Every structure is written in C-alpha cells, then in structure tokens.
Amino acid sequence: RFRASARTVGTYAGRMQVGTFLRWYLRLDEPPILRVPRADRHLRRARDRLKGFRFARQEPFECVISYVLSVQAHMSLTKRRINFLARILGRGIDFMGVRYRQFPETDVLAGLNGRYFRHHKFGWRSEPVANSARFVTEQLEGSRDAAAVDLESWRAIVDGLEELAGTGVGLKVHKCIVLFSLDRLDAVPVDTWVKKMARDWYGIQGSDAK
C-alpha cells in the first residue's frame, strides 16, 4: 500500500507509473537467486538468513554523493550529511500536510566549492563532493533532469569518476555505486568487514582487487 505525490517517476529506464516504479525500484518481480557451494557453510548460513533479500535501485547521483561522503565515516554521520544537503539545497514537496525535501539537483551541488562544504563540517570529503558533482554535471551537459540519462550513460559517468583524481571515487566506492544504483550485481565492494571475512573464513589476504 502506498500514497504518492506524483503519478509518474523518471528513471534511467524511462518514466514509469508509480506502481510500476515501486516494483522496479524494489525488484519485486525479480526472485532473488543465490547459488553457493554446497561445502561453504558460511555462505549457506548467510543465504538461509537473508531469504528475499534484494538490492533496491538507488538514484545514481544521490548514490554517488552518498558513498563519497561515507568514506571513513559512520553511517549515522553520513545520513546526517545527506539529510543536511536535502534540507538546505533540495527542492521542497508538500504532501499530505508534510513538507519533504528531495536530494539536490546535480547542478546545484556543482555550483558549490569545497569551501562551502568545509564550512558545514564535511571535512576532507568537501573537495571530493564538489569535484564529483561538477564532473557529473559536465557529463550531463547541463541537464537538470538526471532521470533522462540512460543506464549505459550513467555507467560511463561513474567509470569516469573512478579514473579522475580528487573525486573520492576509488575502487571500493565505485563498486558500491555500480552495485546499488547501476545494475552491476556482480560487483563486490571490499570494505573492512569483507576483508575480515575473506581472511578468517577463506584464508585470503591482499589488496582490495584481489
């Protein structure tokens, strides 16, 4: 059951009716299939505990900025910073007596420099946020409607962010973005916990790429 403030939602897969969008966003029509080796008791246990688990299709630009902000930061702090950006810079939507705020448009964040974010205590992530927003806006050729950009174009933009210095998009952040927002479900982000599991369960150590 849901209520919506609009009849349609723009996505990189086209504009959808809200009901269709929710099924697409939550992957409700894609039964999760997870195959694990019979002898791998760790992954079998995880699979049994996470039946029905799906990756939602997050909005690409918000996902980019969210993961740039998340580097070496607690989730609660990252959420506060995301909510701050929406509250201060996002477009307002009045719905059922409550005012909500969208995540800012790409060109809004691109118009700010690192000094602005440092003033609001974003720390060393300030310049990467500004640089990433600026790069995305340039690739969108000034379009305010990021939803009009198709999936392959978004993938090319995020791949470009990883190759560009100063964006905060390294190997792990890149994997997170393409997994959670760009349908690359074979991407494996490696964080501290994944490294620990690889070491403790499988005896594998080395670089994130390994």
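That block above? That's the structure.
Bear in mind the structure is a predicted one, so any value in this text is a computation, not a measurement. (Residues numbered from 1 in each chain as written. Predicted model: local features only at pLDDT ≥ 70, side-chain atom pairs only at ≥ 80, totals over all residues. Heavy atoms only, no water.)

1. A short note on unusual backbone geometry
For residues that are not glycine, phi is negative in most cases, and the peptide bond is trans in most cases.
Right, so step 1: The backbone of Q72 shows a phi angle near 55°, a positive value even though the residue is not glycine.
Right, so step 2: Unlike most non-glycine residues, K121 shows phi in positive territory, near 65°.
Right, so step 3: Within the element layout of this structure, K121 appears in the loop between α6 (114-119) and α7 (126-139). (Helix = DSSP H or I, 4+ residues; strand = E, 2+ residues; numbered from the N terminus.)

2. Points about the packing of helix α8 (residues 151-163) against helix α9 (residues 171-181)
Right, so step 1: One way to put it is that α8 packs onto α9 with a least axis distance of 10 Å and a crossing angle of 170°. The angle between the axes of α8 and α9 places the two elements in the roughly antiparallel class. In this structure, α8 uses V158, D159 and E162 to contact α9, whose residues at the interface are L171, H174, I177 and V178.
Right, so step 2: Looking at side-chain class alone, the contact of α8 with α9 contains four nonpolar, one polar and two charged residues. (Axes fitted to C-alpha atoms, helices over the stretch in contact; angles between N-to-C directions. Parallel < 35°, antiparallel > 145°, perpendicular 65-115°, else oblique. Contact = heavy atoms within 4.5 Å. Nonpolar A, V, L, I, M, F, W, Y, C, P; charged D, E, K, R; others polar.)

3. Some words on the pairing of strand β1 (residues 8-11)
Right, so step 1: In the sheet, β1 pairs with strand β2 (residues 14-17) via four bridges, with the strands oriented antiparallel. Its bridge partner being in β2, T8 is matched across the sheet by Q17. (Pairing = 2+ DSSP bridges.)

4. Thoughts on the side chain of H174
Right, so step 1: Inspection of the secondary structure puts H174 in helix α9.
Right, so step 2: Under the relative-accessibility criterion, H174 is labelled buried at 8%.
Right, so step 3: In contact with H174, other than residues within four places in its own chain, are V158, D159, E162, V169 and R184. (Buried < 20%, exposed > 50% of the residue type's maximum accessible area, 1.4 Å probe, protein only.)

5. Description of the pattern of salt bridges
Right, so step 1: Summed over all chains, the structure comprises 13 salt bridges.
Right, so step 2: A salt bridge links E30 to R57, with the nearest nitrogen and oxygen atoms 2.8 Å apart. Residue E30 is located in the loop between α1 (18-25) and α2 (41-49), and its partner R57 is located in the loop between α2 and α3 (60-70); the two are separated by 27 residues in the primary sequence.
Right, so step 3: Its relative accessible area of 34% is what places E30 among the partly exposed residues.
Right, so step 4: Classification of R57 as buried rests on a relative accessible area of 8%.
Right, so step 5: E152 is the salt-bridge partner of R155, the closest N and O atoms lying 3.1 Å from each other. Residue R155 and its partner E152 are both found in helix α8; the two are separated by three residues, about one turn of the helix.
Right, so step 6: Taken together, the shared-partner salt bridges connect R27, E30, R57 and D183 into one network. (Salt bridge = Lys/Arg side-chain N within 4 Å of Asp/Glu carboxyl O.)

6. Considerations on the packing of α7 against α8
The description of two helices packed together rests on the angle between their axes and the distance between the axes.
Right, so step 1: Put simply, α7 and α8 touch, their axes get as near as 10 Å, and they point 140° apart. The crossing of α7 and α8 is right-handed. Packed against α7, whose contacting residues are S132, F135, V136 and Q139, the element α8 presents W154, I157, G160 and L161 at the interface.
Right, so step 2: Residue composition of the contact of α7 with α8, grouped by class: five nonpolar, three polar and no charged. (Left-handed = near helix turned anticlockwise from the far one by under 90°.)

7. A closer look at the pairing of strand β4 (residues 98-101)
Right, so step 1: Note that strand β3 (residues 92-95) and β4 share four bridges and pair antiparallel. Bridge assignment links F95 to a residue of β4, and that residue is V98.
Right, so step 2: Between the end of β3 and the start of β4, which pair antiparallel, lie two residues, with M96 showing a positive phi angle near 55°.

8. So, the packing of aromatic side chains
Right, so step 1: Considering all chains together, one arrives at eleven aromatic pairs under this definition.
Right, so step 2: Seen from their ring centres, F53 and F55 are 5.3 Å apart, and the 85° between their planes marks the pair as edge-to-face.
Right, so step 3: For F53, a relative accessible area of 46% gives the class partly exposed.
Right, so step 4: Its relative accessible area of 27% is what places F55 among the partly exposed residues. (Phe/Tyr/Trp six-rings, centres within 6.5 Å; stacked < 30°, edge-to-face > 60°.)

9. Side note on a nonpolar patch on the surface
Right, so step 1: Residues L43, W193, M197, W201, Y202 and I204 make up a contiguous nonpolar surface patch of roughly 610 Å² in combined accessible area.
Right, so step 2: Among the elements that line the nonpolar patch, the one with the most residues is helix α10 (residues 192-202), at four residues.
Right, so step 3: Relative to the elements of secondary structure, I204 occurs in the segment after α10.
Right, so step 4: A residue is classified by how much of its surface remains accessible, and I204, at 42% relative accessible area, is partly exposed. (Patch = residues over 30% accessible without salt bridge, like charges linked within 9 Å, V, L, I, M, F, W, Y side chains within 5 Å. Areas by Shrake-Rupley, 256 points an atom, 1.4 Å probe, with all protein chains shown as cover.)

Note that every value here comes from positions in space, so none of it alone points to a role or purpose.
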